[in-house]
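Listed here are the chains, written in short residue letters.
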Amino acid sequence: TAAVLTTAITEMFPFALRCTGGAIGYNIALTVCGGLTPLICQHIYHLTGDIYSLVYYITLMALIHLLFVLFSNETKNNAID
């Protein structure tokens, strides 16, 4: 999946912004969705006391990511630069 991820991130941005846009976008998403997930899940569990609420949260995050994948534009016919 790592090869597909780098290609997808690269194709999301125009040539002049690929490095900056890809790095900022990836790191913000990784911090918010990956780094904070244990803290958010712990907080949700302490608020609700229901272990299934964590499943709902993680499922919601997966659905949001799926929407990004489904609505991404295909760029195979575009010029590289």
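Going by the structure above, here's the rest.
To keep things clear, this report deals only with the structure shown in the data block.

What counts and how
- Residues numbered from 1 in each chain as written.
- Predicted model: local features only at pLDDT ≥ 70, side-chain atom pairs only at ≥ 80, totals over all residues.
- Heavy atoms only, no water.
- 1 Å grid on protein atoms, 1.4 Å probe; cavity = no way out; pocket = protein on both sides within 12 Å on 5 of 7 lines; lining within 4 Å.
- Points joined across faces, edges and corners; volume = space filled by probe spheres on them.
- Helix = DSSP H or I, 4+ residues; strand = E, 2+ residues; numbered from the N terminus.
- Nonpolar A, V, L, I, M, F, W, Y, C, P; charged D, E, K, R; others polar.
- Disulfide = S-S within 2.5 Å.
- Core = buried A, V, L, I, M, F, W, Y, C linked by side-chain atoms within 4.5 Å.
- Buried < 20%, exposed > 50% of the residue type's maximum accessible area, 1.4 Å probe, protein only.
- Contact = heavy atoms within 4.5 Å.
- Polar contact = N/O pair within 3.5 Å; in protein donor to acceptor, adjacent residues only side chain to side chain.

## Thoughts on the layout of surface pockets
Empty space left among the atoms is revealed by rolling a probe the size of a water molecule over them. What the largest pocket holds in volume is close to 970 Å³. Around the largest pocket sit 25 residues that line it, and Leu-5, Ile-9, Met-12, Phe-68 and Val-69 are the ones nearest its centre. Looking at the lining of the largest pocket, the elements with two or more residues in it are helix 1 (2-12), helix 2 (18-35) and helix 4 (52-70). The biggest single contributor to the lining of the largest pocket is helix 2, with eight residues. Here the lining of the largest pocket is built from residues that sort into 14 nonpolar, nine polar and two charged. Roughly 190 Å³ of internal volume is contained in the second largest pocket. Taken together, 12 residues form the lining of the second largest pocket, with Glu-11, Arg-18, Thr-75, Asn-78 and Ala-79 sitting closest to its centre. Here the lining of the second largest pocket takes three residues from helix 1, the largest share from any one element. By residue class, the composition of the lining of the second largest pocket is six nonpolar, three polar and three charged.

## Structural notes on the state of the cysteines
In the structure shown here, the tally under the stated rule is zero disulfides. The thiol sulfur of Cys-41 is not disulfide-bonded, and the nearest other cysteine sulfur, from Cys-33, lies at 11 Å.

## Describing the nonpolar core
If you look at the biggest cluster of nonpolar residues, it comprises five residues: Cys-41, Ile-44, Leu-54, Tyr-57 and Met-61. The set of elements that each furnish at least two residues to this core consists of helix 3 (37-48) and helix 4. Top contributing element to this core by residue count: helix 4, with three residues. The contacts of Tyr-57, once residues within four sequence positions are left out, are Thr-37, Ile-40, Cys-41 and Ile-44.

## Quick word on the side chain of Ser-53
Tracing the backbone shows Ser-53 in helix 4. Side-chain polar atoms of Ser-53 contact the backbone oxygen of Asp-50, separated by 2.5 Å. Those residues in contact with Ser-53, other than ones at most four positions away along the chain, are Ile-44 and Thr-48.

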